[in-house]
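Listed below are the residues making up each chain.
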Amino acid sequence: MITVKLVGGAKKLFLSEKLEIAKSDISIQELIDLLLMEKPKNTPKFDIENILIAINGVDSSAMEGKSTVIKNNDIVSIIPVIHGGSNKIVSLEISKKQLRILEIKGQKSSDENFLLNLRKQYPKITFQAVSSNFVLNKYHLKKILSLSFEYKKNDLLLSKKIETDILMRFALSNQISDAIRIAGIKPKNNFVLIIIGNKKSLDIISKELLPLSTSLFVKNNSNFVKKHFKIPKKQLESIYSKYPLEDILIEKATVLL
């Protein structure tokens, strides 16, 4: 028997918070295929490309991905990662939290004061900035953010604050100072701004920052990332995935502890 916990929007897809599957020793891919057949026809589409799947609280991307075998009595959590918005603003909902993502154009004076000023102006909102060089695309972004929220839920953050945990996972470092040095804001460099808070405040802040923003994920920085983290071609070729580089980074970010 396998227990499938449906989180957030996944509950609307199956009209339930939990499913009991009378099978075991099946792969995640086999479970997905089974769920696709079992899903009620009158519910929204099951977007399998935008979900985080955890087994007993551990992200499956840190194991064997969709080939991971689910054992008897395992608890599988399915967490949708929802996005929307224009090419300058991405809206996300992760673990019932609302987020806005913008890419801010780098200025000569860009530094940590940008974040400090935002945090002073909006003390109830969470902000973090990650150098655009270290964010590959929406898939990579959503998976890393989902990791941080999942670890916060399980009280396993790399630091006391989720915004610091996010930066450390993009930088693949368990040292805060190194993470800031590697993937923090740098003069003249674009950075991805991550904003977490209530919808009304997020809409106001996004509108204010829109003149400073540029289109998200235009730059192909995969070569930079491969070189920086020393990821060889052989390792990439061994990953059977639509996003091999992203999945390697996500795996590394998962096991930083």
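Read on for an overview of the structure. (Residues numbered from 1 in each chain as written. Predicted model: local features only at pLDDT ≥ 70, side-chain atom pairs only at ≥ 80, totals over all residues. Heavy atoms only, no water.)

**Points about the layout of surface pockets**
For step 1, the next point in the chain: Quantified by volume, the largest pocket comes out at close to 620 Å³.
For step 2, the next point in the chain: Together, 24 residues line the largest pocket, and G65, K66, Y240, S241 and D247 are the ones closest to its centre.
For step 3, the next point in the chain: At the level of secondary structure, the elements contributing two or more residues to the lining of the largest pocket comprise α2 (28-38), β4 (51-55), α4 (138-153) and α10 (244-254).
For step 4, the next point in the chain: For the lining of the largest pocket, the residue count by class is 10 nonpolar, six polar and eight charged. (1 Å grid on protein atoms, 1.4 Å probe; cavity = no way out; pocket = protein on both sides within 12 Å on 5 of 7 lines; lining within 4 Å. Points joined across faces, edges and corners; volume = space filled by probe spheres on them. Helix = DSSP H or I, 4+ residues; strand = E, 2+ residues; numbered from the N terminus. Nonpolar A, V, L, I, M, F, W, Y, C, P; charged D, E, K, R; others polar.)

**Observations concerning the pairing of β4**
For step 1, the next point in the chain: Summarising burial for β4: five of the five residues are buried, a large majority.
For step 2, the next point in the chain: Here β4 shows a buried face lined by I51, I53 and I55 and a second buried face lined by L52 and A54.
For step 3, the next point in the chain: Bridge analysis of β4 against strand β7 (residues 75-80) gives five bridges, and the strand direction is antiparallel. Note on β7: the bridge partner recorded for A54 is S77.
For step 4, the next point in the chain: Sheet analysis places β4 next to strand β5 (residues 58-59), joined by two bridges and oriented antiparallel. Residue pairing in the sheet places A54 in a bridge with D59 of β5.
For step 5, the next point in the chain: If you look at the hairpin formed by β4 and β5, you'll find two residues sitting between the two strands, and N56 has a positive phi there, around 55°. (Buried < 20%, exposed > 50% of the residue type's maximum accessible area, 1.4 Å probe, protein only. Pairing = 2+ DSSP bridges.)

**Description of the sheet that holds β4**
Backbone-to-backbone hydrogen bonds join strands into a sheet, with any given pair of strands oriented parallel or antiparallel.
For step 1, the next point in the chain: The strand order β2-β1-β7-β4-β5 describes an open sheet built from five strands, whose pairing is mixed. At either margin of the open sheet sits one strand with a lone partner, and together these are β2 (18-21) and β5.
For step 2, the next point in the chain: The pairing of strand β1 (residues 2-6) with β7 spans four bridges and is parallel. Among the inter-strand pairings, K5 is bridged to a residue of β7, identified as S77.
For step 3, the next point in the chain: Helix-sheet contacts for α2 involve β1, β2, β4 and β7, and the interaxial angle to β2 is about 110°. (Contact = heavy atoms within 4.5 Å. Axes fitted to C-alpha atoms, helices over the stretch in contact; angles between N-to-C directions.)

**What to know about the nonpolar core**
Generally speaking, a soluble globular protein has its nonpolar side chains buried in company with each other.
For step 1, the next point in the chain: Of all hydrophobic cores here, the largest spans 43 residues; its most connected members are I101, L141, L145 and I194.
For step 2, the next point in the chain: Broken down by secondary-structure element, the contributors of at least two residues to this core are β9 (90-94), β10 (97-104), α4, α5 (162-171), α6 (176-183), β12 (191-197) and α10.
For step 3, the next point in the chain: With residues up to four places along the chain from it excluded, the contact list for L141 reads L92, I101, V135, F170, I194 and F217. (Core = buried A, V, L, I, M, F, W, Y, C linked by side-chain atoms within 4.5 Å.)

**Overview of the pairing of β12**
For step 1, the next point in the chain: In terms of residue burial, β12 counts as a mostly covered element, since six of its seven residues are buried.
For step 2, the next point in the chain: Pairing of strand β11 (residues 126-131) with β12, which is carried by six bridges, proceeds in the antiparallel orientation. Its bridge partner lying in β12, V130 is registered against V192.

**Some points on empty space enclosed by the protein**
For step 1, the next point in the chain: Following the criterion strictly, the structure yields four cavities of 30 Å³ or more and no others.
For step 2, the next point in the chain: When its volume is computed, the largest cavity comes out at roughly 60 Å³.
For step 3, the next point in the chain: For the largest cavity, the lining is made up of 10 residues, of which G8, G9, P80, E93 and S95 are closest to its centre.
For step 4, the next point in the chain: Going through the elements one at a time, β7 and β9 are the ones with two or more residues in the lining of the largest cavity.
For step 5, the next point in the chain: Of the residues contributing to the lining of the largest cavity, the split by class is five nonpolar, three polar and two charged.

**A short note on the packing of α4 against α5**
For step 1, the next point in the chain: For the pair α4 and α5, interaxial distance at closest approach is 9 Å and the crossing angle is 135°. The angle between the axes of α4 and α5 places the two elements in the oblique class. Between α4 and α5 lies a crossing whose hand is right-handed. Two secondary-structure elements touch here, α4 through H140, L141, I144, L145, L147, S148, F149, Y151 and K152 and α5 through I162, D165, I166, R169 and F170. (Parallel < 35°, antiparallel > 145°, perpendicular 65-115°, else oblique. Left-handed = near helix turned anticlockwise from the far one by under 90°.)

**Notes on a positive patch on the surface**
For step 1, the next point in the chain: A grouping of K5, K18, K96 and K153 is seen on the molecular surface, where their side chains present a positively charged patch.
For step 2, the next point in the chain: Within the secondary structure, K18 is located in strand β2.
For step 3, the next point in the chain: Note on K18: relative accessible area 48%, which makes it partly exposed. (Patch = residues over 30% accessible without salt bridge, like charges linked within 9 Å, V, L, I, M, F, W, Y side chains within 5 Å. Areas by Shrake-Rupley, 256 points an atom, 1.4 Å probe, with all protein chains shown as cover. Salt bridge = Lys/Arg side-chain N within 4 Å of Asp/Glu carboxyl O. Lys, Arg positive; Asp, Glu negative; His and termini not counted. Charge placed at Lys NZ, Arg CZ, Asp CG, Glu CD.)

That's the geometry; what it means functionally is another story.
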